[in-house]
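# Structural overview for review
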Amino acid sequence: MANIIKAPTAAAAGALELRNRALARKAAAAGFVLLQNDGTLPLKDARVALYGAGARMTVKGGTGSGAVRERFSVTIEEGLKNAGYDIATTPWLDRFDRFYADTYEAYRQEQEERVKGLREFYQILNKVTPFRHPTGIPVTEEDVSASACDTAIYVLARQAGEGNDRTDEQGDYRLDDVERENLEFCAAHYKNFVVIVNCGGVLDVSFLDTLHVSALVYFAQGGEEGGNALADVLSGKVNFSGKLATSWAYRFEDLPSNSTYSYLGGDRYNQEYNEGIYVGYRFFDTFGVAPRYRFGYGLSYTRFDAAAELVSVERGAVTMQVRVTNCGDVSGRETVFAYASVPFGTAGAEKNRLAAFAKTGELCPGAEQTLALRIPLRQLSCYDEAKAAWVLRAGEYVLRLGEDAVAVLTLAEERVLEQCVNVCPPQHEIQEITPPARAAEALDGLPRIALDGAVPETLVHSYDTPGASDPLSDRMTEEQLITLAVGGGTSNRSLQVEAMGASGTTSPALYEALGVPNVILSDGPAGLNLTSHVVELPDGSTKAARVPENLAAYRRYFFGFAGMALKSQMADPKDGVLHYQYATAWPCSQLLAQSFDEALLEEVGDAVGAEMETFGVTVWLAPGMNIHRNPLCGRTFEYYSEDPLVSGKMAGAIVRGVQKHPGKGMSVKHFAANNCELERNASSSNLTERTLRELYLRGFEIAVRESAPMTVMAAYNKVNGVYCTNNYDLLVRVLRNEWGFEGMVMSDWDSMKATREDCTVPLTGDVQKAPAAQCDLIMPGRPDQLEALRKGVADGSVRVDDLRRSAARVLWMVRQNTVLAINDEPTR
């Protein structure tokens, strides 16, 4: 038993693991973005100097719920070596290893001092600060001389994750002094200088303004095969085809939320969305502020020509036919973007709005492909708060292919597409920025197409309270209903036997009496977040193995008394039989979105669904699809884009892939406007209804309507003062009445619990208000949540009918797994 842990090899991996690893490599390569290139790439030199924090310590994914315990990950150094490149700077990389280890040891000692004397787990967790990925050590004349090569690659790296936002300071959003000095030194001493940005978000790259950088590549977080995938594109084996799904500003100060986001706003408990709908390219285009790299930007080793051949109108939609031709010398793929300038109206509008996108197949030199970009009229509408309706404004709609206007759609008078009701009213006036008047545009010679006959009849929504019933829930006792409305906790028997490390389960307490099994729910957005090494003990029980891999994976929690307690719950591999649970660490969601390839994301979802079957997971707690409002968000890597259409389409694709597998589902999250981590359990996102609907709900709407996810996860935060878990407007009027969602809603983990001592406002939502708001399942499940519902039923603040409806939806989710059989006969 002592030698059971061995170095991983391809031969030891199962067929599924190998298939998924190959797909992860393909997906990463499809999302990498080439931002700058003077011809240095593809790499021609076989010997290269390699520097930077991410060269050997490559950040493959984020921390928190987005972490994955894969068999092994390929670093950038390993990927280059695997591709045949000779790494000329091994001594520098070895020195950085020692620096990294010393930095972490100093951090560990500091954290131990911070939690000294504390014994409660959450108190300890709240005191622990994140470990900041070391940025580097100096590059010296000796390093350059010893490398004896013309080409250097420098990998800038940052780590971030759940629970903390990034900061606008050196060593995080901005480069620190060592990084800047190293870049200056390498740019001066190497003929060819390539910079790789290994960050699940945006970095300040103002060094480009003063240094000669031959090529700049956005790696983001490449998952377990990121190193090999990067070597594929650097060598030219695979052509770059990724495009930015989020704009990069020249300066942080250029962003409209530069003084209000997260900790910068001064009020930890209120996030003011003063920029309104003007986020990302919507802001840059409308206000005439030039970004460094705009949404949709990305270079290739070849050249493409795209031409709009035909714009046609049908009832409810517009279609743009686009012919794409490869005009270069190598094969490649191209993504095309259709934008619309909607009428400015009295309330204003963004200059450009993404209306549709599509990606070609692999095109050989000289080959062409015609793409059909379908634009639903709903994508051209604006939300009118005064009318509580989605309307098509009267006037001219300019359609563009990229930057070029190709047609003008006209509408004689305003038309209402959907009649809604007002929801989530702000508790104070939101002071939004005002867009400048739109300049006149020369549109002579463009086709003009009338929309009037293509507008469908107004859809008028009904706002009756939706119900749900089940033959079993209809006869359950009050106590049984309460039990089913609360999760099964994070340490019950199911998580010790199957899918250890999963986030939680539904309650197992009704199995003996009613035959209701529990189902397992697992994080996270980059793959199934499970314990990789599990020991089966002689008595049949299982525990996490006390091995370096597990200790490293959970090292944030191993401080003070909590660390001792957690280690004591682990088992030595010598005491039983060691089992492995290696899930695939996929490229982060942001990188997947940069592929702009819905078919690829559906393929990834299908692959995760197969792993769910293997490990016994019913619901994958993904995708995360909050908007990239500001680059300091700690969970940017978990989310897709600054644009809701991209977010909705990418999320819908991956949901469809997973849900091809009978009984397997996803939980789109975090619903809604959960755009920063600072005080997420107490913070209120304050915004106008138009901004909420057009930007922060729109992606969820697309995903729900197009893929019917099994579940939706209500977020921690408030929207205009009302917690999402208690928000009837969001969870019923919008999600169910307007979008037709028929699945189950769950809370985020511990989003409804007691007040924290150091917080001056209520920390989380009210457990007793959840059933009436149709938050059906309270997660992860604790005794105090059960007791709160019992008290609520007793004093009348919780209606039994609401619990019965929630129980019916939980049972519906359980029944989706066709291998489960529930006893619907009356208990005798």
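Refer to the structure presented above.
Attention in this report is confined to the structure presented alongside it. This structure is a prediction, so every number in the text was calculated from the model and none was measured.

## Focus: the pairing of strand β22 (residues 533-536)
- Direction of pairing for β22 relative to strand β24 (residues 577-580): antiparallel, over a ladder of four bridges. By the bridge assignment, Glu 536 is partnered in β24 with Val 577.
- Relative to strand β23 (residues 542-544), β22 runs antiparallel, the two being bridged by three bridges. Note on β23: the bridge partner recorded for Val 534 is Ala 544.

## Quick word on the pairing of strand β10 (residues 335-341)
- Most of β10 sits out of view: seven of its seven residues are buried.
- Going residue by residue along β10, you find Thr 335, Phe 337, Tyr 339 and Ser 341 tucked away on one face and Val 336, Ala 338 and Ala 340 tucked away on the opposite face as well.
- As paired elements, β10 and strand β11 (residues 353-359) share six bridges and run antiparallel to each other. For Thr 335, the partnering residue across the bridge sits in β11 and is Lys 359.
- Looking at chain direction, β10 and strand β15 (residues 395-401) are connected through four bridges and run antiparallel. Looking across to β15, one finds that Ser 341 is bridged to Val 398.

## With respect to the packing of aromatic side chains
- Enumeration over the complete set of coordinates arrives at 30 aromatic pairs.
- Ring centres of Phe 32 and Phe 219 lie 5.0 Å apart, and the angle between their planes is 20°; this geometry places the pair in the stacked category. Residue Phe 32 is located in the loop between α1 (15-31) and β1 (33-37), and its partner Phe 219 is located in the loop between β6 (215-218) and α8 (226-235); the two are separated by 187 residues in the primary sequence. Taken individually, Phe 32 and Phe 219 each receive the classification buried, so the pair is uniform in this respect.
- A centroid spacing of 5.5 Å and a plane angle of 75° characterise the contact between Phe 240 and Tyr 301, whose relative ring orientation is edge-to-face. One end of the pair, Phe 240, is in the loop between α8 and β7 (270-272); the other, Tyr 301, is in the loop between α9 (281-287) and β8 (304-314), with 61 residues separating them in the sequence.
- Residue Phe 240 is classed as buried on the basis of its relative accessible area, which comes to 0%.
- What makes Tyr 301 buried here is its relative accessible area of 17%.
- Members of the aromatic cluster, connected to one another through ring pairs, are Tyr 51, Trp 92, Phe 96, Phe 99, Tyr 100, Tyr 104, Tyr 107, Phe 131 and Tyr 190.
- Over the aromatic face of Trp 390 sits the side chain of Arg 378, whose NZ or CZ is 3.8 Å from the ring centroid.
- Sitting over the ring of Tyr 273, Arg 629 keeps its end group 3.8 Å from the ring centre.

## A look at the sheet that holds strand β9 (residues 317-326)
- Taken together, the three strands give an open sheet; going across it, the order is β8-β9-β12, and neighbouring strands pair in antiparallel fashion. Each having just a single partner strand, β8 and β12 (368-376) make up the two edges of the open sheet. Ignoring which end each strand starts from, the neighbouring axes of this sheet average 20° apart.
- As judged from the nine bridges shared by β9 and β12, these two strands associate in the antiparallel manner.

## Thoughts on the pattern of salt bridges
- What the rule picks out here adds up to 67 salt bridges.
- The closest approach of N and O atoms between Glu 418 and Arg 705, which form a salt bridge, is 3.9 Å. With Glu 418 in strand β17 (residues 415-419) and Arg 705 in helix α19 (residues 698-707), this residue pair connects regions lying 287 residues apart in the sequence.
- Taking relative accessible area as the criterion, Glu 418 reaches 7% and is therefore assigned buried.
- Classification of Arg 705 as partly exposed rests on a relative accessible area of 39%.
- The shortest N-O distance in the salt bridge between Asp 750 and Arg 782 comes to 2.4 Å. Of the two residues, Asp 750 sits in the loop between β31 (744-747) and α21 (783-795) while Arg 782 sits in the loop between β31 and α21, which places them 32 residues apart along the sequence. Arg 782 carries the same exposure label as Asp 750, and that label is buried.
- Ionic contacts of the salt-bridge type, sharing partners, join the residues Arg 56, Glu 77, Lys 81, Asp 94 and Asp 97 into one network.

Rules of the game
Residues numbered from 1 in each chain as written. Predicted model: local features only at pLDDT ≥ 70, side-chain atom pairs only at ≥ 80, totals over all residues. Heavy atoms only, no water. Pairing = 2+ DSSP bridges. Helix = DSSP H or I, 4+ residues; strand = E, 2+ residues; numbered from the N terminus. Buried < 20%, exposed > 50% of the residue type's maximum accessible area, 1.4 Å probe, protein only. Phe/Tyr/Trp six-rings, centres within 6.5 Å; stacked < 30°, edge-to-face > 60°. Lys NZ or Arg CZ within 6 Å of the ring centre and 35° of its normal. Axes fitted to C-alpha atoms, helices over the stretch in contact; angles between N-to-C directions. Salt bridge = Lys/Arg side-chain N within 4 Å of Asp/Glu carboxyl O.

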